Amino acid sequence: MSSPEPSIQRRLIRNSLWNFSAFAISALVSFFSVRLFIDQLGLAQFGLLALLSTLTAPLGLLNFGLGQATVKFMAESLARGESDTASRHLQNTLLFNLFIGLAGAAVMIGAAAPLARDVFKIPAGDQHLLQTAICWTALTWAVMQVSATFTAVPTAQQNFRVVSLGTTLFSTLNIVLSLLALFMGGGLLAVVKVRLAWSLAGLVGWIWCAHRSLPAVRLWPAYHPEAFRRGFGFGVWQTMAQLGGIVANQADKFLLGIFVSTDAVGIFNVPTIFFTTTYSAVSKLADALFPAFSDLQGRGDKQKSAHMLLNSGWVLSVMMVVLQGTLTVFAADVLRIYLGHSVESPVILVLQISAFLAVISAPSIVIFQYLLGVGGTRWLALMAVASGTINLA
C-alpha cells in the first residue's frame, strides 16, 4: 500500500494545525469568559443563555445535511477541474439555506411564548425575557445558516488558513462584544442583540472570502435539479446522523430545564463546556480530513485514503487519551475555579465519566470524517441513532 504523496501529507498537517489553532484560541477565550458571563448574568440567566444554544440545535436538522454535501461535492468537482459543477452545488445550498433560515426563524419565533411559559421550569419574571431572547436568537440563527453556505468554498478548497482565521475572528469577537455589552450595563437581551449584529457582519465577511477564494464560482442562489438530487441523497442520511447527535448531546439540558430549573442547566453546563472543549480540540484536528477524503475520492485514489485513515486514527486516539486523562485527574480542581469550593460531587463525576467515554469513542472521530468524505452517511446515521438511544436510556 502506497502512502500519500508528501505534498498531500504536508497540506493535511498544515490544515489540521490551522484548524486546531483556530479552535484553541476560541476555546481559551471561551474558557476564561465562562466565569465572567456567570458573574455578569448570574447563574439563572447563564442557564437561559445555555438554553438558547440548545433550542437552536434541532433547527440544524432543517438543513438536511446540504452544508456538508456542498463541501463534499465541491471538493470532488474541483479535484476534477469542474468549477461549473461546483457552482451548481453551492447555488442550490444557498437557495435552500435562505428558505430554511427564514422558515426556521419563523417557527422558533412562533414557539417562543409556549416554550418560555409552558415547557421550561422558569420563574414567571424571566419568562418574557426568555421569549424575547428566543426571537432575537432565531434571527441570528437564520443569518448563520446563510453564512455557513459561503464557508463551504474555502473548506472544499482545503484552504483552512482562510477558514480558521475567519472562524477565530468571528467567535472571539462574538464573545468579546457580548461581554462588552454586559460590562456597559446590558443584560441577556443586550448579548443576543449584539450577536445578531455581529452575525450580519460575519455574513458580509464570508461572502467576500468566498469570492476571493474562488472567483469562478457563482455566489447567487439558483436551482439545479441534478445537483440538488445528489446533495439531498447525501444529506438525508447525514440529517439522521445529526438527529442522533443532538439527542446525545442536548437532551440532558432539555430535561433539566423542563423538570428541574435553569440553575441546574447552568451548573450542568459548566462541566459540559470543559468536556466538549477538550473533545473538540482533537476533533478539530480531524476536520481537515473530510475534504481531503473527498478530494482523493474525486481522484479515485483509494489506497491513499486508506493509509490516511489508519495513520490519523492512531495519532488522534493517543491525543484524546492524554487530554481527557488529564481532565479526569484534575476535574475537581478545574470545576472549583468556576463553581467555587462547594462544588458537588455529582458535578465532578459528570465530568469524569464524560472524559472516560470520550477516550473510548476516540477512534470514531476519524471514521466519521472518512465516511463523510466518501459519502457513507447511512453508516453515520446508524452510529448516531445508536448513540442517541443509549444516552436517553
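Just above, that's the structure.
Residues numbered from 1 in each chain as written. Predicted model: local features only at pLDDT ≥ 70, side-chain atom pairs only at ≥ 80, totals over all residues. Heavy atoms only, no water.

### Structural notes on a nonpolar patch on the surface
On the surface, a cluster of nonpolar side chains totalling about 510 Å² of accessible area is made up of Phe64, Phe232, Val236, Trp237, Met240, Leu243 and Val385. Its location among the elements puts Phe64 in the loop between α2 (43–56) and α3 (66–79). Given a relative accessible area of 30%, Phe64 falls into the partly exposed group. (Patch = residues over 30% accessible without salt bridge, like charges linked within 9 Å, V, L, I, M, F, W, Y side chains within 5 Å. Areas by Shrake-Rupley, 256 points an atom, 1.4 Å probe, with all protein chains shown as cover. Salt bridge = Lys/Arg side-chain N within 4 Å of Asp/Glu carboxyl O. Helix = DSSP H or I, 4+ residues; strand = E, 2+ residues; numbered from the N terminus. Buried < 20%, exposed > 50% of the residue type's maximum accessible area, 1.4 Å probe, protein only.)

### What to know about the nonpolar core
In terms of nonpolar packing, the biggest core is built from 66 residues, with Phe37, Leu52, Leu130, Ile134 and Leu188 touching the most fellow members. Leave out the neighbours within four places in its chain, and Ile134 touches Leu52, Leu55, Met108, Ala112 and Leu115. By size, the runner-up hydrophobic cluster in this structure holds 19 residues, among which are Leu94, Trp206, Val217 and Leu219. (Core = buried A, V, L, I, M, F, W, Y, C linked by side-chain atoms within 4.5 Å. Contact = heavy atoms within 4.5 Å.)

### Focus: the side chain of Ser312
Looking at where Ser312 falls in the secondary structure, it is placed in helix α11 (residues 302–329). Taking relative accessible area as the criterion, Ser312 reaches 13% and is therefore assigned buried. One polar contact links the side chain of Ser312 to the main-chain carbonyl oxygen of Met308, over a distance of 2.6 Å. A distance of 3.3 Å separates the side chain of Ser312 from the backbone oxygen of Leu309, its partner in a polar contact. Those residues in contact with Ser312 that sit more than four places away from it in its chain are Leu289 and Val366. (Polar contact = N/O pair within 3.5 Å; in protein donor to acceptor, adjacent residues only side chain to side chain.)

### Quick word on the environment of Leu61
Mapping Leu61 onto the fold places it in the loop between α2 and α3. Distance in space between the C-alpha atoms of Leu61 and Leu296 is 28 Å, their sequence separation being 235 residues.

### A short note on helix α14 (residues 363–374)
Count 3.6 residues to each turn of an α-helix, and residues three or four apart come out pointing the same way. In this model α14 runs 17 Å from its N-terminal to its C-terminal C-alpha over twelve residues, within 8% of the 16 Å that 1.5 Å per residue would give. Residues Ile365, Val366, Gln369, Leu371, Leu372 and Gly373 constitute the buried set of α14. (Expected span 1.5 Å × (residues − 1).)

### A short note on the packing of aromatic side chains
The way to describe two aromatic rings as a pair is by their centre distance and the angle between their planes. Under the counting rule described, the total for this entry stands at eight aromatic pairs. Aromatic side chains Phe64 and Phe232 sit 5.6 Å apart centroid to centroid with 45 degrees between the ring planes, which places their arrangement in the tilted category. Of the two residues, Phe64 sits in the loop between α2 and α3 while Phe232 sits in helix α8 (residues 225–259), which places them 168 residues apart along the sequence. Between the aromatic rings of Phe96 and Phe228, the centroid separation amounts to 6.2 Å while the plane-to-plane angle is 50 degrees, which identifies the pairing as tilted. Here Phe96 is found in helix α4 (residues 83–119), whereas its partner Phe228 is found in helix α8, with 132 residues between them in sequence. Residue Phe96 is classed as buried on the basis of its relative accessible area of 14%. Joined through ring pairs, the aromatic side chains of Phe64, Phe96, Tyr223, Phe228 and Phe232 make up one cluster. (Phe/Tyr/Trp six-rings, centres within 6.5 Å; stacked < 30°, edge-to-face > 60°.)

### Brief notes about the packing of α11 against α14
Where α11 meets α14, the closest approach of the two axes is 7 Å, and the angle between their N-to-C directions is 150 degrees. The angle between the axes of α11 and α14 places the two elements in the roughly antiparallel class. For α11 against α14, the interelement crossing comes out right-handed. From α11, Ser305, Leu309, Ser312, Gly313, Leu316, Ser317 and Met320 reach across to α14, where they touch Pro363, Ile365, Val366, Ile367 and Tyr370. In terms of residue class, the contact of α11 with α14 is built from eight nonpolar, four polar and no charged. (Axes fitted to C-alpha atoms, helices over the stretch in contact; angles between N-to-C directions. Parallel < 35°, antiparallel > 145°, perpendicular 65-115°, else oblique. Left-handed = near helix turned anticlockwise from the far one by under 90°. Nonpolar A, V, L, I, M, F, W, Y, C, P; charged D, E, K, R; others polar.)

### Observations concerning the packing of helix α10 (residues 289–299) against α11
Running from N to C, α10 and α11 point in directions that differ by 160 degrees, and their axes come no closer than 9 Å. By the angle between their axes, α10 is roughly antiparallel relative to α11. In this structure, α10 crosses over α11, and the sense of that crossing is left-handed. Here Leu289, Ala292, Phe293 and Leu296 of α10 come into contact with α11, specifically with Lys304, Ser305, Met308, Leu309 and Ser312. Considered class by class, the residues forming the contact of α10 with α11 number six nonpolar, two polar and one charged.

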